Structures are given as C-alpha cells and as structure tokens.
Amino acid sequence: MALMFEVTGFARVVGEQATKVQDNRKVICVGETVVDILFRGDQPISATPGGSAFNSAISLGRTGIPTIFVGEAGDDRIAKHILRFMTDNGVNGSYVRSYPNQKSTVSLAYLDDHNEAEYSFYNMQPQQRQPLLLPDIQADDILLFGSFYAVNPSVHEALKQLVSLAQQKGAIIYYDVNIRAAHANMLQLMKPNIIDNFQNADIVRGSRGDLRTVFDSDNADSLYNARINKLCPRFINTGGAYPVKVFSGKKTFTYPVKPIQPVSTIGAGDNFNAGVAFALIHYGITRSQLLKGLSDEQWQKIIDVAQQFSQDCCIRLENYVGRDFKPVL
C-alpha cells in the first residue's frame with residue numbers, strides 16, 4: 001500500500017512582520033533544494049521543502065529581510081512546488097537553475113527519542129553542472145552558504161566564483177560547516193574545500209558534531225587556538241543545549257542556551273544562521289565593524305536573536321520559523 005503525505009505550503013506573508021532593513025541590505029543564501037520527509041519510527045509524519053541554506057532563506061523571507069536564493073532544482077512536481085514556496089515566503093528564487101529531466105533531491109530524516117534526526121539522502125545528479133547564476137551583490141550584503149553543497153567537488157569551483165564576487169563587493173561571507181555524519185566517509189575528499197571555505201569566510205559557524213567530524217575533536221577552545229583562528233578568526237560554536245561560544249581573535253564570549261522541549265531539531269542550525277544574518281542587518285553591523293571586532297554586548301544581541309530563530313523552529317515540524325514569528329529585540 002502506498003504511503004500518502006502532503007508537502008506543506010503557506011500563503012504569502014511578506015512584510016507582515018518585516019524588520020527595519022538598514023540601507024536595503026539583503027541576504028544571498030546558496031545551497032541545495034530538497035524535500036525533507038520526516039519519520040518518527042517507520043511512519044512518515046511530514047514532508048516540507050528543505051535544504052540547509054534554503055531553510056535559512058525561508059525564515060529570513062518570513063521575517064521581512066530581502067532574500068535571494070541561489071542554487072539548483074530538478075524538473076518535477078516537487079521542484080515546481082519548491083519554487084512556488086520560495087515566492088510565497090518572500091524569497092527571490094529567480095537565481096535557481098533548473099535541470100531538465102532531473103528528479104528532485106529527497107532527504108529522509110528519522111527522529112530518535114530526543115527528536116534528533118538521522119539522515120539518508122537521495123541526490124539529484126546532473127550529468128554536467130552549469131555555473132551558478134550570479135545575483136547583484138553590494139557592500140555589506142550577507143552571503144550565506146554551507147553543508148555538503150558547499151564542499152561538493154562538482155559545485156565548489158562555481159561557488160568560489162560567487163564568493164570571490166562577494167569579496168570584491170565587500171559583502172559579509174558566512175559559512176556554516178554543517179557536515180552530516182552521512183557524508184563523513186567522504187571527509188578526505190571534502191576537507192580541502194572545507195578549509196578553503198574557512199579561509200574565505202568572515203564568520204564560520206560549526207557545531208560540536210561538525211568539529212568531531214572534521215577535526216576529530218569537539219573541544220572548540222583548543223581547536224580554535226591550534227587551527228581555526230589561523231583560518232577564520234571569527235568562529236561561532238554551537239551544540240544543542242550546550243552554551244554558544246563566540247571566538248573573535250583573543251576574545252571568547254560564552255552565552256547560555258534557554259532550555260526548550262523540541263518537537264524536531266531539523267533546521268535548528270539553519271535558523272540560527274538566519275538569526276545571525278537578521279541581527280547583523282537589524283543592528284546595522286557592517287563588514288568593517290565586524291572585522292574590527294564586536295563587543296560582548298553586540299555579540300550577545302546577535303546570539304540572542306539567533307537562538308530565538310533556532311528555538312522557534314525547534315518547536316515545529318517545519319524547517320523554519322513560524323509565519324507570525326517576531327524576534328524580541
């Protein structure tokens with residue numbers, strides 16, 4: 001008997017909870033498009049459009065931040081739904097390249113007793129990938145990318161062109177490591193690209209799990225002093241209920257995490273990233289200020305907003321903040 005489920009969609013809500021956007025800055029999110037099918041036990045309980053940077057983009061669009069999504073899609077019913085879903089949530093999807101006769105990528109996420117997910121991926125595999133479509137990027141815009149898409153050898157060179165353009169324009173470059181255990185067996189192939197992304201970023205976020213996968217240790221303090229600081233001096237370390245640590249040169253800031261009862265942790269990190277981008281724009285923090293070094297108070301405001309985004313996502317079966325979500329600023 002076939003299993004039936006519906007991909008969730010929403011009406012357009014652009015501007016209902018729009019924040020004050022400083023100087024028309026925008027966020028450009030780069031990544032894969034997938035459909036996430038969520039299981040509890042062997043039973044599918046929901047299916048939503050997803051992808052790491054895609055989840056960030058939808059949450060930013062829902063909170064009124066001008067957002068562009070750059071990436072790839074298949075050429076099937078799911079892909080058409082994903083493109084409509086972006087438009088309906090205030091995200092510019094005109095820079096998504098669709099590949100004819102390609103099925104969309106599917107992610108199966110199995111929740112355990114703690115509502116943490118174990119993933120299996122069924123990827124779209126174009127025979128020949130085309131260059132990414134390049135949007136207009138201006139100074140102090142934010143380029144946000146990460147996960148396997150950002151280190152996939154068939155994509156990385158095209159991504160570097162976009163990163164180079166962002167650097168030339170003076171945009172803030174934000175890299176989220178986000179390497180799933182399902183891809184750990186490809187680490188040796190991916191690691192040069194991971195290091196390259198670190199070196200080209202202005203901010204890097206890595207979870208405790210990311211550090212274990214990439215550096216074989218989750219001791220953020222020792223890894224930052226020994227390795228990460230030489231690659232990117234601004235590093236945010238997250239780890240579920242563990243305190244968030246921000247490393248910035250010789251300064252380290254630690255911020256506690258408010259305990260919640262999650263429904264699903266899928267999208268938690270993606271929404272943390274969205275919250276950082278939201279806060280950088282809302283509080284008018286420029287790339288120049290970021291590179292000079294932010295104060296404890298500035299980082300505290302940024303991390304507080306990021307946690308609000310992440311926790312709102314975790315109390316839902318979706319991968320994004322709710323339509324009516326408004327961060328407390």
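On a predicted model such as this, the values are computed, not experimentally measured, just so you know. (Residues numbered from 1 in each chain as written. Predicted model: local features only at pLDDT ≥ 70, side-chain atom pairs only at ≥ 80, totals over all residues. Heavy atoms only, no water.)

Considerations on the overall build of the chain
Then step 1. A count of helices and strands for the chain gives nine helices and 13 strands.
Then step 2. Taken against the 2.2 N^0.38 rule, which gives 20 Å for 329 residues, the C-alpha radius of gyration of the chain at 18 Å falls within 12% of a compact globule.
Then step 3. Considered along the principal axes of its C-alpha atoms, the chain spans approximately 60 × 40 × 40 Å.
Then step 4. A buried classification covers 56% of the 329 residues belonging to the chain.
Then step 5. Once local pairs closer than 6 in sequence are excluded, the contacts in the chain between residues at least 24 apart make up 75%.
Then step 6. Just so you have it, the chain exposes about 14500 Å², and 48% of that area is on carbon and sulfur atoms.
Then step 7. Between the mean site of the 32 positive side-chain charges and the mean site of the 32 negative ones, the chain shows a separation of 5 Å. (Helix = DSSP H or I, 4+ residues; strand = E, 2+ residues; numbered from the N terminus. Rg over C-alpha atoms; globule rule 2.2 N^0.38 Å. Buried < 20%, exposed > 50% of the residue type's maximum accessible area, 1.4 Å probe, protein only. Contact = heavy atoms within 4.5 Å. Areas by Shrake-Rupley, 256 points an atom, 1.4 Å probe, with all protein chains shown as cover. Lys, Arg positive; Asp, Glu negative; His and termini not counted. Charge placed at Lys NZ, Arg CZ, Asp CG, Glu CD.)

Some words on the environment of leucine 159
Then step 1. Looking at the element boundaries, leucine 159 is found in helix α3 (residues 153-169).
Then step 2. The spatial distance from the C-alpha of leucine 159 to the C-alpha of glycine 71 is 9.7 Å, given a sequence separation of 88 residues.
Then step 3. The residues contacting leucine 159, other than those within four sequence positions of it, are Val30, Leu132, Phe145, Ala150 and Asn197.

As for a negative patch on the surface
Then step 1. Together, Asp112, Asp113, Glu116 and Glu118 line one region of the surface with negative charge.
Then step 2. With respect to the helices, strands and loops of the structure, aspartate 113 is situated in the loop between β6 (105-111) and β7 (117-122).
Then step 3. Judged by relative accessible area, aspartate 113 falls into the exposed class, the value being 77%. (Patch = residues over 30% accessible without salt bridge, like charges linked within 9 Å, V, L, I, M, F, W, Y side chains within 5 Å. Salt bridge = Lys/Arg side-chain N within 4 Å of Asp/Glu carboxyl O.)

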